[in-house]
Amino acid sequence: MGFFDRFSESQDMGIDLGTANTLIYVPGKDIVLNEPSVIAVDIEKQLTVAVGEDARNMLGRTPASIKTIRPLKDGVITDVKVTEMMLREFIRKVKGNNSLTRSRIIIGVPSGITSVERKAVEEAMESSGSGGIENIEFIDEPVAAAIGAGLPVEEAVGSMIVDIGGGTTEVAVLSYQGIVYSDSVRVAGDEISDSITRHLKKVYNLIIGERTAEQIKIELGSAYPGDHDQKEMEIRGLYMVSGLPKTVTINAEEIRDCISEPVGVIVEAIKKTLERTPPELAGDIIDRGIMLAGGGALLRGIDSLITNETGIVTHVAPNPLQCVVYGTGKVLEDYERLARTSKKKS
């Protein structure tokens, strides 16, 4: 019996279909899948070659006949067919040969998603080998993240969540199982990585790949000055002048400067949300602080920057990368109490 086969007897699923990673939660079994949202496709035969981590390891390393694709951008599906192929493989790993008929599936989606984008998610789910699902429901990602981070969203008190994902940053003030005010900006982890790529190209004439930019962000990235600023890192890439490989040395202070623009957009979205928050709820947020979730919450010093810019203590959730999927799972496990947080498909 394979690892995922042990979970196939449980039908309900909570899914965080993210730009960077896809996570699936099965009630009573915890997170059963956590893989990069990447698929490698044989473009001639239209067959799946690899998904998840295996596909991610192939980025920039495949022949012309195999294309490695990230089918979500800015938190939404850009290619329904390819997303369907990726989901089919992920769900097959989790459910084995079991049918998902009459199952409840709760999917986290950006709060700013359009009806067309929401329909694309539905189509991808229903065509992914999950046919017969009667109860596909959606939950706004900031609501799911707040539940997963342990905020008291079912109480009539103000809570503020900032979910910095791969493609979108969701900022929301919640009270009594609903969003009072939210802002969604399509600037997040990917845009921060892209800023690093552009900087190296502009300053050093060096072309680097997506994985290298991500590594630089993790190793050197920071949003606030600190002892880390002088840390250095050797970067290998393709030198545009000669067309040959080249190595350059960069430091953390330089990287903080080059990512300041996308980080600033995130901070401005937080300020805008605070400005539009009703006074009573604003008082609650001052008392309780701001909670950060998503992979971007791991950017070094971002909590200190937000605290400094807003004057409100900012915390990073204990498991920021898993907050959304844990939130979908908690709704499934306590559906009667938290049912109002999700919405049935259109």
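Residues numbered from 1 in each chain as written. Predicted model: local features only at pLDDT ≥ 70, side-chain atom pairs only at ≥ 80, totals over all residues. Heavy atoms only, no water.

In the nomenclature of an unreviewed UniProt entry, the chain is known as Cell shape-determining protein MreB of Cyanobacterium stanieri. UniProt, in its Sequence similarities (unreviewed entry) section for the chain, records the words "Belongs to the FtsA/MreB family." According to UniProt, the comment filed for the chain under the heading Subcellular location (unreviewed entry) is "Cytoplasm". (UniProt positions renumbered as here; feature names shortened; annotations may be inferred.)

Bringing the side chain of Asp140 into the picture now. Mapped onto the fold, Asp140 is located in strand 10 (residues 135-140). When sequence neighbours within four positions are dropped, the list of residues in contact with Asp140 reads Val109, Pro110, Ser111, Ile179 and Lys343. (Helix = DSSP H or I, 4+ residues; strand = E, 2+ residues; numbered from the N terminus. Contact = heavy atoms within 4.5 Å.)

On to the domain arrangement of the chain. Domain annotation for the chain reports domain 1 (13-143 + 324-343), domain 2 (153-187 + 260-320) and domain 3 (189-259). The gap between the C-alpha centroids of domain 2 and domain 3 is 27 Å. Of the roughly 1,200 Å² buried where domain 2 meets domain 3, counting both sides, 61% is carbon and sulfur surface. For the interface between domain 2 and domain 3, the tally reads 10 residue pairs in polar contact (both at pLDDT 80 or more). Among the secondary structure elements, those contributing two or more residues to the side of domain 2 that touches domain 3 are helix 8 (260-275) and helix 10 (302-310). Partitioning the side of domain 2 that touches domain 3 into residue classes produces 6 nonpolar, 7 polar and 2 charged. (Domains from an automatic or database assignment. Buried area = accessible area lost by both parts, 1.4 Å probe. Polar contact = N/O pair within 3.5 Å; in protein donor to acceptor, adjacent residues only side chain to side chain. Nonpolar A, V, L, I, M, F, W, Y, C, P; charged D, E, K, R; others polar.)

This paragraph deals with the environment of Ile91. Mapped onto the secondary structure, Ile91 falls in helix 2 (residues 80-95). According to the relative accessible area criterion, Ile91 is buried, its value standing at 1%. A sequence separation of 45 residues divides Ile91 from Gln46, and the C-alpha atoms of the two residues are 19 Å apart. (Buried < 20%, exposed > 50% of the residue type's maximum accessible area, 1.4 Å probe, protein only.)

Glancing now at the pattern of salt bridges. Per the stated rule, a full pass over the model turns up 19 salt bridges. Measuring nitrogen to oxygen at the nearest pair gives 3.2 Å for the salt bridge that ties Asp190 to Arg70. Here the residue Asp190 occupies a position in helix 5 (residues 189-204), and Arg70 occupies one in the loop between strand 6 (66-69) and strand 7 (72-73), the gap between them amounting to 120 residues. A relative accessible area of 22% places Asp190 in the partly exposed class. On the basis of relative accessible area, Arg70 is assigned to the partly exposed category, the value being 24%. Between Arg186 and Glu117 there is a salt bridge, and its shortest N-O distance comes to 3.2 Å. Residue Arg186 is located in the loop between strand 13 (178-185) and helix 5, and its partner Glu117 is located in helix 3 (residues 115-126); the two are separated by 69 residues in the primary sequence. (Salt bridge = Lys/Arg side-chain N within 4 Å of Asp/Glu carboxyl O.)

Another aspect to go through is the layout of surface pockets. Computed from the structure, the second largest pocket encloses a volume of approximately 280 Å³. Arg56, Leu59, Gly60, Arg61, Gly209, Glu210, Arg211, Thr212 and Gln215 together form the lining of the second largest pocket. Here the lining of the second largest pocket is built from residues that sort into 1 nonpolar, 4 polar and 4 charged. Formed jointly, the lining of the second largest pocket draws a minimum of three residues from each of two domains, domain 1 (13-143 + 324-343) and domain 3 (189-259). (1 Å grid on protein atoms, 1.4 Å probe; cavity = no way out; pocket = protein on both sides within 12 Å on 5 of 7 lines; lining within 4 Å. Points joined across faces, edges and corners; volume = space filled by probe spheres on them.)

What follows deals with helix 4 (residues 141-148). Among the 8 residues in helix 4, 8 count as buried, and that is most of the element. Every buried residue of helix 4 is listed here: Glu141, Pro142, Val143, Ala144, Ala145, Ala146, Ile147 and Gly148. Just past helix 4, the residue Gly150 takes up positive phi, approximately 90 degrees.

Locating Glu141 in the fold gives a position in helix 4. It is Arg186 that comes nearest to the buried, bridge-free Glu141 among opposite-charge side chains, at 9.8 Å. When neighbours within four sequence positions are excluded, Glu141 is seen to be in contact with Asp16, Leu17, Gly108, Val109, Pro110, Asp163, Thr168, Glu170 and Val324. (Lys, Arg positive; Asp, Glu negative; His and termini not counted.)

Take unusual backbone geometry next. Among all residues except glycine, the phi angle is most often negative; among peptide bonds, the trans geometry is most common. Unusually for a residue other than glycine, Asp30 sits at a positive phi of about 70 degrees. Examined against the element boundaries, Asp30 turns out to sit in strand 3 (residues 30-36). Accessibility expressed as a relative area gives 36% for Asp30, which makes it partly exposed. Here the phi dihedral of Gln46 falls at roughly 55 degrees; this positive angle occurs in a residue that is not glycine. Position of Gln46 relative to the elements: it lies in the loop between strand 4 (39-42) and strand 5 (47-51). Look at Gln46 and you get partly exposed, because its relative accessible area is 44%.

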